[in-house]
Amino acid sequence: MLIGGDWVSAQSGKVFPSENPYVGKVWANVPDGGAEDIDAAVVAARSAFEGEWGALSAQARGKLMLRLGDLIAENAEEIARVESTDNGKLYKEMLAQAQYLPEWLYYFAGVADKFGGEVIPSERANFHIYTRHEPIGVIGAITPWNSPVLLLGFKLAPALAAGCTMVVKPSEHTPASTLRFAQLFEEAGFPPGVFNVVTGGRDAGEALSKHPGINKIAFTGSDVTGKRVMQAAAENFTRVTLELGGKSPNIVFEDADMEAAANGVIAGIFGATGQTCMAGSRLLVQSSIKEELLEKVAARAKTIKLGDPMDMATEMGPMATRPQFEKVMGIIDRAKSGGARFVSGGRASPDHDGFFIEATIVDDITADMEIAKDEIFGPVLSVLTFDTEEEAIQLANDTRFGLAAGIWTQSGQRGTRVAHKVRAGTVWINAYRVVAPNVPFGGFGHSGIGRENGFDAIRGYTETKAVWVELTGATRDPFNIG
Ligand code: NAD
């Protein structure tokens, strides 16, 4: 683990195994960090924040970030290989993410010296009033297994731009790529303690969430864990950003370009084997085109190539862990007993060992069934039907989540009209699953609190301070604040 610029073992001496889910074998042993390691990392991050890092100008911070971006670009293939081995997702997808990640460093490096406060126009001539966005301090980042380094970058880039330091605890399922990333961070020449990594499980995450030395927790993971993190953070009024799960609707109207919509539905749910927070896991389709669309989507779903995540021709890899595989199969089995109709898939792949599940499309369900309501985090598409635009909006919003939505229509007016009524942090019209460093991303409702990316993100790593300067030396009425 990297703590204060030193590579260290867990103080307890314990390690835990990390499995390659494709072959089902342990491929790395990683320090099992605990509360005492979190403590040491927070001390190191605080000392960097108050010392060398805190003294750097925003421009100097930006230059280091540019160097880190270049190093990530140069090492993208290796990062992707480590990630794919650790989480079983496709090498080509992890590579695309690792190649895109430098853009976060470049964008926020540029923002670092341009994100300022403002002068507030005062109605009183004797006051000059301005705001400053000061770095919030030491950040605790907790990341999930599905896109470890990209989701770390979503937090780290704006945090560094704001002037913060960080302790990250990656998922116990995929700790390796964050450790490799930390080597690049060191190579970029940042002062020691700016970025610290403690690998470990739930105990380390809990210790970080409740640590009084942490000023903000930036968490990505499930809604269940997010709630625990928020409860722990409440103890010290630690700020939180929570990027949680979803049950996002992909809404297809009868005036949609049917080929494009079918492709978007496939990309939305079967990309990354459905293991993404923004998966378009509910297909809401207008009844007049339902048969036509389902036929197209099912035909493509049946040709999806399952296999070795390292093979560039593979389209869907395995579930990342055995518990996740068992969870998804359980949901499928319960839907079967509940009378659902399986248009495609609905079983573990008979052609593969390991945790492979076929691309699954489920029809004849009701909105109150588990399969239509809960996040599955697997390759399972639930189909619901509507007749009118109002019904589509009502179905889309009939969820506790609100991360993303897709709308497929060739009417610009309908697209924007529906987009404004859907309660979700991101709405794509005639597209699905696109993100960028300059576009805010986050959820409504149980999908989270706060936003990553764009100016919203850097704002979230600062405290706003208002400074009032009395210009004339006039004496004020001591009993009147106005
Ligand atoms: P998870 O909630 O199980 O774990 C996330 C992290 O929290 C891990 O590092 C884990 O060790 C840690 N953790 C576990 N218990 C903790 C506790 N009590 N206190 C503090 N930390 C604790 O999530 P996961 O299975 O790794 O990831 C999948 C989930 O992440 C899905 O729900 C998915 O939707 C969500 N996700 C969201 C986004 C987004 O941007 N909104 C992106 C990717 C994934």
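Residues numbered from 1 in each chain as written. Predicted model: local features only at pLDDT ≥ 70, side-chain atom pairs only at ≥ 80, totals over all residues. Heavy atoms only, no water.

*Asks:* Before we move on, can you summarise the nonpolar core with the specific residues and values?
*Replies:* Core analysis: the biggest nonpolar cluster contains 57 residues, and Met65, Leu68, Phe108, Phe181, Phe185, Phe190 and Phe195 have the highest contact counts within it. The biggest single contributor to this core is helix H7 (residues 148–162), with 11 residues. The residues contacting Met65, other than those within four sequence positions of it, are Leu105, Phe108, Ala109, Ala157, Leu160, Ala161 and Phe190. If you look at the next biggest cluster of nonpolar residues, it comprises 35 residues, including Val265, Ile304, Val343 and Trp408. (Core = buried A, V, L, I, M, F, W, Y, C linked by side-chain atoms within 4.5 Å. Buried < 20%, exposed > 50% of the residue type's maximum accessible area, 1.4 Å probe, protein only. Helix = DSSP H or I, 4+ residues; strand = E, 2+ residues; numbered from the N terminus. Contact = heavy atoms within 4.5 Å.)

*Asks:* Any details on the packing of aromatic side chains? Residues and values, ideally.
*Replies:* Scanning all chains against the criterion turns up 14 aromatic pairs. A network of ring pairs unites the aromatic residues Trp53, Phe181, Phe185, Phe190 and Phe195 as a single cluster. Over the ring of Tyr461 we find Lys216, and its NZ or CZ is 4.3 Å from the ring centre. Over the ring of Phe342 we find Lys336, and its NZ or CZ is 5.3 Å from the ring centre. (Phe/Tyr/Trp six-rings, centres within 6.5 Å; stacked < 30°, edge-to-face > 60°. Lys NZ or Arg CZ within 6 Å of the ring centre and 35° of its normal.)

*Asks:* Hey, could you go over the site of the ligand for me, with residue numbers and the actual values?
*Replies:* In the vicinity of the ligand lie 29 residues, with Glu172, Ser222, Thr225, Leu244 and Glu375 positioned nearest. With respect to the ligand, the backbone of Gly221 contributes an N or O atom lying 3.3 Å from an oxygen atom. For the ligand, the protein covers 91% of the area, taking 850 Å² as the surface of the free molecule. Secondary-structure elements contributing two or more residues to the shell around the ligand are helix H9 (202–209), strand S10 (216–220) and helix H10 (223–234). Sorting elements by how many residues they give to the shell around the ligand places H9 first, with 4 residues. (Near = heavy atom within 4 Å. Polar contact = N/O pair within 3.5 Å; in protein donor to acceptor, adjacent residues only side chain to side chain. Areas by Shrake-Rupley, 256 points an atom, 1.4 Å probe, with all protein chains shown as cover.)

*Asks:* So what's going on with the sheet that holds strand S5 (residues 119–120)? Residues and values would help.
*Replies:* Taking strand neighbours across the sheet as the criterion, the 3 strands line up as S5-S6-S20 in an open arrangement whose pairing is antiparallel. Both outer strands of the open sheet, S5 and strand S20 (462–470), are each paired with one neighbouring strand and no more. Inspection of the sheet shows strand S6 (residues 127–135) paired to S20 by 9 bridges, in the antiparallel sense. Along S20, the bridge assignment pairs Phe127 with Glu470. (Pairing = 2+ DSSP bridges.)

*Asks:* Talk me through the environment of Leu105; I want residue IDs and the actual numbers.
*Replies:* If you trace the backbone, Leu105 turns up in helix H6 (residues 102–112). For Leu105, a relative accessible area of 2% puts it in the buried group. Between the alpha carbons of Leu105 and Arg67 there is a distance of 8.8 Å; along the sequence they are 38 residues apart. Dropping the residues within four chain positions of it, Leu105 is found in contact with Met65, Leu68, Gly69, Ile72 and Ala157.

*Asks:* With reference to specific residues and values, describe helix H16 (residues 412–421).
*Replies:* Buried within H16 we find Arg414, Gly415, Val418 and Ala419. Along the long axis of H16, the arc covered by the buried residues comes to 130°, so they all point the same way. In this structure, H16 carries Gly412, Gln413, His420 and Lys421 as exposed residues pointing more than 90 degrees from its buried face. As for H16, its buried residues are in contact with strand S12 (249–252), strand S13 (282–286), helix H15 (389–396), strand S17 (404–408) and strand S18 (426–429). (Arc of directions from axis to C-beta.)

*Asks:* Describe the pattern of salt bridges, listing the residues and the values that go with them.
*Replies:* Enumeration according to the criterion identifies 23 salt bridges in this entry. Glu463 is the partner of Arg239 in a salt bridge, and the nearest nitrogen-oxygen pair spans 2.9 Å. Taken together, the positions of Arg239 in strand S11 (residues 239–243) and Glu463 in strand S20 put the pair 224 residues apart, joining distant regions of the chain. Residue classification places Arg239 among the partly exposed residues on the basis of a relative accessible area of 39%. Take Glu463: its relative accessible area is 31%, and that puts it in the partly exposed class. A salt bridge links Arg334 to Glu370; the shortest N-O distance between them is 2.9 Å. Remark: Glu370 occurs in helix H14 (residues 370–373) and Arg334 occurs in helix H13 (residues 322–337); sequence separation between them is 36 residues. Three or more residues joined by partner-sharing salt bridges are found here, namely Asp255, Glu389, Arg414 and Arg417. (Salt bridge = Lys/Arg side-chain N within 4 Å of Asp/Glu carboxyl O.)

*Asks:* Tell me what's going on with the domain arrangement of the protein chain, and back it up with residues and numbers.
*Replies:* Taken domain by domain, the protein chain comprises domain 1 (2–244 + 443–467) and domain 2 (249–429). Measuring from the centre of the C-alpha atoms in domain 1 to the corresponding centre in domain 2 gives 31 Å. At the interface, 24 residues of domain 1 touch 28 residues of domain 2. Between domain 1 and domain 2 the total buried area reaches about 2300 Å² when both faces are included, carbon and sulfur atoms providing 64% of it. Connecting domain 1 to domain 2 are 1 salt bridge. When the shortest N-O distance is used, the salt bridge between Arg400 and Asp223 registers 3.7 Å. At the boundary of domain 1 and domain 2, one finds 8 residue pairs in polar contact (both at pLDDT 80 or more). Elements that contribute at least two residues to the side of domain 1 that touches domain 2 include exactly helix H4 (76–87) and helix H5 (91–100). Element by element, the count of residues in the side of domain 1 that touches domain 2 is highest for H4, at 4 residues. (Domains from an automatic or database assignment. Buried area = accessible area lost by both parts, 1.4 Å probe.)

*Asks:* Describe in detail the sheet that holds S18, supporting the description with residues and values.
*Replies:* Spatially, S14-S15-S16-S13-S12-S17-S18 is the arrangement adopted by the 7 strands of the open sheet, whose pairing is mixed. The open sheet has two free edges, formed respectively by strand S14 (341–344) and S18, since each of these has just one partner strand. Ignoring strand direction, the axes of neighbouring strands in this sheet form an average angle of 25°. Taken together, the 3 bridges between S14 and strand S15 (residues 360–363) define a ladder with antiparallel strand orientation. Pairing of Phe342 across the sheet is with Val362, part of S15. Sitting on the sheet, H16 is in contact with S12, S13, S17 and S18, with an inclination near 165° to S18. (Axes fitted to C-alpha atoms, helices over the stretch in contact; angles between N-to-C directions.)

*Asks:* Just give me the short version of the side chain of Lys89, but keep the residues and values in it.
*Replies:* Position of Lys89 relative to the elements: it lies in the loop between H4 and H5. Judged by relative accessible area, Lys89 falls into the buried class, the value being 2%. A polar contact of 2.9 Å, which involves the side chain of Lys89, links it to the backbone oxygen of Asn146. There is a polar contact of 3.4 Å between the side chain of Lys89 and the side chain of Ser147. Aside from chain neighbours lying at most four places away, what touches Lys89 is Ser84, Met94, Gln97, Asn146, Ser147, Ala272, Gln275 and Pro309.

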